[in-house]
Amino acid sequence: MDLAQVIPGLGAYARTTVRLHPRPGSPGPRDSHIGGPLAWPASEAWPHCEAADCDLYLEDPGSPMVALVQLTAADFPEITFPDGTDLLQILWCVGYHGGVEDVPCRVVWRRAAEVTEILQEPPVPDLEDELPGFYETYIPRPCVLHPERVIEYPWIWDLPEDLRDRVQAWDQDKDQYEQLSTAPGFKIGGTAIHGSVPSGLKCVVCDAPTVLFLQLDNGEGDGRWCAVEDGQPDYGTPEYEQVYTPTGMLIDVGPGGLLACSADFGHPVVFHRQ
Ligand SMILES: [Zn+2]
Ligand SMILES: [Zn+2]
C-alpha cells in the first residue's frame with residue numbers, strides 16, 4: 001500500500017531506505033555482505049575490543065572483533081563515503097559489557113584498491129570455555145546481500161500535528177501506519193522500527209542529531225514486508241530459516257540499530273537495541 005496516496009501531505013516526508021535482504025551464501029572478500037570475509041590488509045592490525053568491562057577480555061590487546069558488515073560504494077551509492085574511499089567495514093565485539101547498549105563497534109572506511117594483500121586468517125574470539133551458543137548469537141553467518149530500495153515514513157510522533165491527525169483518522173486499526181511506514185529486518189538508513197532505538201540521541205563528539213545508519217534484526221520480519229521472490233516456505237524448514245533468520249543472529253526481542261552522527265560519519269557510532 002502506498003501510504004502517500006491515502007494520507008494527503010505524507011508524501012513530503014518520504015525517504016528511501018535500502019533493505020539488505022541477506023541470505024546465507026559464500027561472499028568474497030571484495031563483495032558487499034553480512035558476516036563474510038573482509039578485505040582487510042594483511043599489514044594492518046585486526047581490531048580488538050579494549051573495553052575494560054568486556055567479559056571476553058583476557059589479555060592485551062583484548063578480544064578480537066567480529067566482521068559484521070562490508071559494503072561497497074558501487075552497491076550502495078546512497079551512502080556518503082568520505083572522499084577517496086569506496087569500502088565500508090563494520091566490526092563489533094560479541095562479548096558482554098554489563099548492559100544491553102553501547103556494544104563496542106569499529107567503523108572503517110577505506111579504498112578497496114589499496115588493499116592488495118588480504119589478511120587470510122583474522123583472529124577470532126576465544127569462546128572455547130564459554131557457554132555454547134551464547135556469544136554466537138552475535139556472530140552473523142556469511143550472507144550475500146540483495147539490496148532493495150523502499151520508501152519509508154517517519155514515526156507518527158515525529159510528524160507535524162496536522163499530519164499526525166490525518167494519519168490517526170485513517171489508521172482505524174491503530175497499528176497499520178506503524179507497520180507499513182517502517183521496514184523490519186536489515187537495512188541502511190531510513191527509520192528505525194519504533195522503540196528499537198531511543199529518539200533524540202546526540203553525537204557524543206559534536207552534539208549533532210544521530211541518524212539510523214544500519215538496522216540489524218533477528219530476521220526479515222512478518223508477512224507485510226516479505227519479498228515475493230522468497231515464496232512462502234513452511235515454518236521450521238531449512239528454506240524458512242534461509243529467508244526469515246538468514247544471519248542466525250539474535251539481536252534482542254526486536255531489532256537494534258547503529259546510530260551515526262548526521263554531521264560527520266567519522267564520529268563514533270553507537271549501537272542500541274530493544
Ligand atoms: Zn568487548
Ligand atoms: Zn558528530
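Fair warning: this is a prediction, and the values are worked out from it, not measured in the lab.

Participant: How would you summarise the coordination of the zinc ion (ligand 1) if you had to cite specific residues and measurements?
Facilitator: Those donors, Cys49 (SG), Cys54 (SG), Cys93 (SG) and His97 (NE2), are the protein atoms that reach the zinc ion (ligand 1), and they lie 2.0 to 2.3 Å from it. Each of the four donor atoms bound to the zinc ion (ligand 1) contributes to angles spanning 107 to 112°, and the resulting shape is tetrahedral. Mapping the donors of the zinc ion (ligand 1) onto the primary sequence yields the spacing C-x4-C-x38-C-x3-H. We note that Cys49, like Cys54, is buried.

Participant: Tell me about the coordination of the zinc ion (ligand 2), residues and numbers included.
Facilitator: Note on the zinc ion (ligand 2): its protein donors are Cys203 (SG), Cys206 (SG), Cys261 (SG) and His267 (ND1). The metal-donor distances range over 2.1 to 2.3 Å. One can describe the donor arrangement at the zinc ion (ligand 2) as tetrahedral, given that its four donor atoms subtend angles of 102 to 114° at the metal. On the primary sequence, the residues serving as donors to the zinc ion (ligand 2) are separated as C-x2-C-x54-C-x5-H. Here Cys206, found in the loop between β11 (187-188) and β12 (210-216), pairs with Cys261, found in strand β13 (residues 256-261); they are 55 residues apart in sequence, far enough to count as distant.

Participant: Talk me through the nonpolar core; I want residue IDs and the actual numbers.
Facilitator: Counting residues in each nonpolar core, the largest one holds 44 residues, and the members touching the most others are Trp92, Leu214 and Leu216. Looking at this core, the elements that each hand over two or more residues are β6 (66-72), β7 (87-92), β8 (105-110), β12 and β13. Considering each element in turn, this core owes the most residues, five residues, to β6. Leave out the neighbours within four places in its chain, and Trp92 touches Met65, Val66, Leu68, Val103, Pro104, Cys105, Tyr138, Leu216, Met249, Ile251 and Phe271. Grouped together as the second largest cluster of nonpolar side chains are ten residues, Ile7, Ile156, Leu163 and Leu180 included.

Participant: Lay out unusual backbone geometry in plain terms, naming residues and giving numbers.
Facilitator: Between Asp60 and the following residue, Pro61, the backbone shows a cis peptide bond with an omega angle of 5°. Tracing the sequence through the fold places Pro61 in the loop between β4 (48-49) and β5 (63-64). In this model, His21 sits at a positive phi of 45°, which is unusual for a non-glycine residue. With respect to the secondary-structure elements, His21 resides in the loop between β1 (15-19) and β2 (23-24).

Participant: So what's going on with the domain arrangement of the protein? Which residues, and what values?
Facilitator: Domain boundaries assigned for the protein yield domain 1 (3-22 + 146-273) and domain 2 (26-137). One C-alpha centre belongs to domain 1, the other to domain 2; they are set 23 Å apart. With 23 residues of domain 1 at the contact, the number on the domain 2 side is 22 residues. Summing both partners gives a buried area of about 1800 Å² for domain 1 against domain 2, and 74% of it is carried by carbon and sulfur. For domain 1, the biggest contributors to the area lost against domain 2 are Phe265, Phe271 and Arg273; these three give 25% of the whole. Inspection of the domain 1/domain 2 interface yields one salt bridge. Between Glu78 and Arg149 there is a salt bridge, and its shortest N-O distance comes to 2.7 Å. Here domain 1 and domain 2 share three residue pairs in polar contact (both at pLDDT 80 or more) between them. A per-class count over the side of domain 1 that touches domain 2 returns 17 nonpolar, three polar and three charged.

What counts, and at which threshold
- Residues numbered from 1 in each chain as written.
- Chains lettered and ligands numbered in written order.
- Predicted model: local features only at pLDDT ≥ 70, side-chain atom pairs only at ≥ 80, totals over all residues.
- Heavy atoms only, no water.
- Donors = N, O, S within 2.8 Å, 3.2 Å for Na, K, Ca; no water.
- Tetrahedral: all angles 85-135°; square planar, octahedral: opposite > 155°, others 65-115°.
- Buried < 20%, exposed > 50% of the residue type's maximum accessible area, 1.4 Å probe, protein only.
- Helix = DSSP H or I, 4+ residues; strand = E, 2+ residues; numbered from the N terminus.
- Core = buried A, V, L, I, M, F, W, Y, C linked by side-chain atoms within 4.5 Å.
- Contact = heavy atoms within 4.5 Å.
- Domains from an automatic or database assignment.
- Buried area = accessible area lost by both parts, 1.4 Å probe.
- Salt bridge = Lys/Arg side-chain N within 4 Å of Asp/Glu carboxyl O.
- Polar contact = N/O pair within 3.5 Å; in protein donor to acceptor, adjacent residues only side chain to side chain.
- Nonpolar A, V, L, I, M, F, W, Y, C, P; charged D, E, K, R; others polar.

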